[in-house]
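Each chain is listed here by its residues.
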Amino acid sequence: MAAIAKVRAREVLDSRGRPTVEVEIAASDGSVASALVPSGASTGTAEACELRDGDAARYDGLGVLRAVENVERVLGPAATGLDPADQETIDRRLLELDGTANKSRLGANAVLGVSLAAAHLAAASSRVPLYRHFCELWQRAAGRFGTGGKKAPRMPVPMTNMISGGLHAGGNLDFQDFLVVPHGAADFPTGLEWIVRIYRRLGRLLSEAGYEGRLVGDEGGYGPRLEDHRQAAQFVVRAIEAAKLRPGQDASLAIDVASTHFFDGRHYRLSLPGAVPLSSAEMIELLVELATHFPVVSIEDGLAEEDWFGWQELCQRLGDRVRLVGDDLFATNAERVKHGIELQAANSVLVKMNQVGTVTETLETMVLADAAGWQRVVSARSGETEDASIADLAVGTAAQHIKIGSVARSERLAKYNRLLRIAEEVGG
């Protein structure tokens, strides 16, 4: 049995030029692996704590040297000697060392760096692809929860950013993302080609209409200053048609509303000209109207993270025909997902490892959602890295969808390219 022999960490940069944590880990059998931790711009209050230095003299206070030190002086030594394949034991020890509910003592970026690097090391030591190792961990997690039913690795359907708004593109639109879902494609490579085709047609349509067709947001989606959300949906539908595809049959729309960021505790305040504050019921009507007039198959964070009653009403109105995905609502947190299942407040969960902080907790959340019949959408963050772990996670857990970003930035394409390679092995 190989054991963890050495753990080290360093401060590197993410896709926005902000510091993040990289962890390198070595086993006694000579295997080595590493993992990089992403960072979000649109973050919910229930997310695990990302530890930053706060030293304005370096990176405007965003440095992560404290998190790096916590890996090398606290977390790494505690993981040394453990079997990298025993993910649950490793993660439980990391959680015990931090000892807080939100990982604010040592930092979720430090904890996840070690947790994810251990998963990479276990795969390397066993000489299996990471998605195969994730599949094994998924089966173990399902066994602990007694949900049963083995799942084979499966390619996810991508949900790809076309038009960005909100905190991803300087607030040009209140809604954060308009995405394309190529659900009619026969396999992943075909779906990806469709996505690229649609993206290019969209850029052309925006430029021809006099918008900034070359400006892109954090995740690579176009960031034009459109009149309203309806116009954004119209442009994406026109781009699907310009790509010689059928809206609603070959490819449909997904919308990430990220509504927590324009909710003041009582009203949803859109910044569009002439907009008036919306109650929860009025916000629901707006979403129903969009889903009625456009081929919308998924709405993420349509309501705010604590508007539970609103979510229940939204599910009653749209839950039978639209994926209602909780991101800020759940923060990949098993307890919040349990609450959502009890209230029937959603039917899908967004999965971001750094929201919760360990591989084990991520898998537990996914198992709970799957047992309830919910769909699972594995997601990247706006501040990403070249680490492609989420591609393997989505395949290994047979997640229905993956949300990476657009097809314009290399940190995004690293994941798409990883999925193309995996597709050669698993098919689909």
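Before reading further, recall that the structure is shown in the block above.
This section reports on the structure supplied with the text. The shown structure was predicted, so the numbers you read here are calculated from the model rather than taken from an experiment.

1. Quick look at the overall build of the protein
Point 1. Across its full length, the protein carries 13 helices and 12 strands.
Point 2. Structurally, the protein occupies a C-alpha span of about 60 × 45 × 40 Å along its principal axes.
Point 3. Out of the 428 residues belonging to the protein, those deemed buried represent 60%.
Point 4. Considering only intrachain contacts with a sequence separation of at least 6, the fraction spanning at least 24 residues in the protein is 69%.
Point 5. In the structure as shown, the protein presents an accessible area of about 16,100 Å², 47% of it carried by carbon and sulfur atoms.
Point 6. Charge centroids of the protein, computed over 46 positive and 57 negative side chains, lie 4 Å from each other.

2. Concerning the sheet that holds strand β2 (residues 19–27)
Point 1. Spatially, 3 strands are ordered β1-β2-β3 in an open sheet, and the strand pairing comes out antiparallel. Two strands in the sheet have a free side with no partner beyond their single neighbour: β1 (4–13) and β3 (32–36). The average angle at which neighbouring strand axes cross in this sheet is 20°, direction not considered.
Point 2. Of the strand pairs in this sheet, β1 and β2 are connected by 9 bridges, and their pairing is antiparallel.

3. Notes on the side chain of S39
Point 1. Relative to the helices and strands, S39 resides in the loop between β3 and α1 (65–79).
Point 2. Apart from residues no more than four positions distant in its own chain, S39 is found in contact with D14, R16, E50, R52, N354, R381, S382 and G383.

4. Examining the packing of helix α12 (residues 389–396) against helix α13 (residues 410–426)
Point 1. Running from N to C, α12 and α13 point in directions that differ by 40°, and their axes come no closer than 8 Å. With respect to α13, the axis of α12 lies oblique. Classified by chirality, the crossing of α13 by α12 is right-handed. Taken together, the residues of α13 that come into contact with α12 (itself represented by I390, A391, D392 and V395) are K415, R418, L419 and I422.

5. Regarding the sheet that holds strand β11 (residues 375–379)
Point 1. Taken in spatial order, the 9 strands make up an open sheet running β4-β12-β11-β10-β9-β8-β7-β6-β5, and their pairing is mixed. Looking at strand neighbours, the two that pair on one side only are β4 (157–158) and β5 (160–164), the edges of this open sheet.
Point 2. As paired strands, strand β9 (residues 323–326) and strand β10 (residues 348–351) are joined by 2 bridges and run parallel to one another. Across the sheet, V325 pairs through a bridge with S348, a residue of β10.
Point 3. Lying over the sheet, helix α6 (residues 229–242) contacts β5, β6 (177–181) and β7 (252–256), oriented at roughly 25° with respect to β6.

6. Some details on the nonpolar core
Point 1. Ranked by size, the top nonpolar core spans 122 residues in total, and within it I163, F175, F178, I198, M283 and V378 carry the most contacts.
Point 2. If you tally residues by element for this core, the top one is helix α3 (residues 108–126), at 10 residues.
Point 3. When sequence neighbours within four positions are dropped, the list of residues in contact with I198 reads M162, V180, A239, I240, A243, L245 and A251.

7. Some thoughts on the environment of L130
Point 1. Position of L130 relative to the elements: it lies in helix α4 (residues 130–144).
Point 2. When the C-alpha atoms of L130 and D392 are compared, they prove to be 5.9 Å apart, with 262 residues separating the residues in sequence.
Point 3. Other than its neighbours up to four places away in sequence, L130 contacts A119, H120, A123, S389, D392 and R418.

8. Some thoughts on the packing of helix α7 (residues 280–293) against helix α8 (residues 308–318)
Point 1. Closest axis-to-axis distance for the α7/α8 pair is 10 Å, and the angle between their directions is 30°. It follows from the interaxial angle that α7 and α8 lie roughly parallel. In this structure, the crossing between α7 and α8 has a hand that is right-handed. Across from S280, I284, E285, L287, V288 and A291 in α7, the residues of α8 making contact are G310, E313, L314, R317 and L318.
Point 2. Among the residues forming the contact of α7 with α8, the class breakdown is 6 nonpolar, 2 polar and 3 charged.

9. Description of the pattern of salt bridges
Point 1. Applying the stated criterion across every chain yields a total of 28 salt bridges.
Point 2. With a shortest N-O distance of 2.9 Å, E22 and R10 are connected by a salt bridge. Taken together, the residues E22 in strand β2 and R10 in strand β1 connect sequence positions 12 residues apart.
Point 3. A salt bridge links E335 to K338, with the nearest nitrogen and oxygen atoms 3.2 Å apart. Taken as a pair, E335 and K338 lie in helix α9 (residues 334–343) at a separation of 3 residues, close to a single helical turn.
Point 4. Looking at E335, the relative accessible area reads 52%, which means it is exposed.
Point 5. A network of salt bridges, in which partner residues are shared, links E88, R92, R144 and E364.

The rules we used
Residues numbered from 1 in each chain as written. Predicted model: local features only at pLDDT ≥ 70, side-chain atom pairs only at ≥ 80, totals over all residues. Heavy atoms only, no water. Helix = DSSP H or I, 4+ residues; strand = E, 2+ residues; numbered from the N terminus. Buried < 20%, exposed > 50% of the residue type's maximum accessible area, 1.4 Å probe, protein only. Contact = heavy atoms within 4.5 Å. Areas by Shrake-Rupley, 256 points an atom, 1.4 Å probe, with all protein chains shown as cover. Lys, Arg positive; Asp, Glu negative; His and termini not counted. Charge placed at Lys NZ, Arg CZ, Asp CG, Glu CD. Pairing = 2+ DSSP bridges. Axes fitted to C-alpha atoms, helices over the stretch in contact; angles between N-to-C directions. Parallel < 35°, antiparallel > 145°, perpendicular 65-115°, else oblique. Left-handed = near helix turned anticlockwise from the far one by under 90°. Core = buried A, V, L, I, M, F, W, Y, C linked by side-chain atoms within 4.5 Å. Nonpolar A, V, L, I, M, F, W, Y, C, P; charged D, E, K, R; others polar. Salt bridge = Lys/Arg side-chain N within 4 Å of Asp/Glu carboxyl O.

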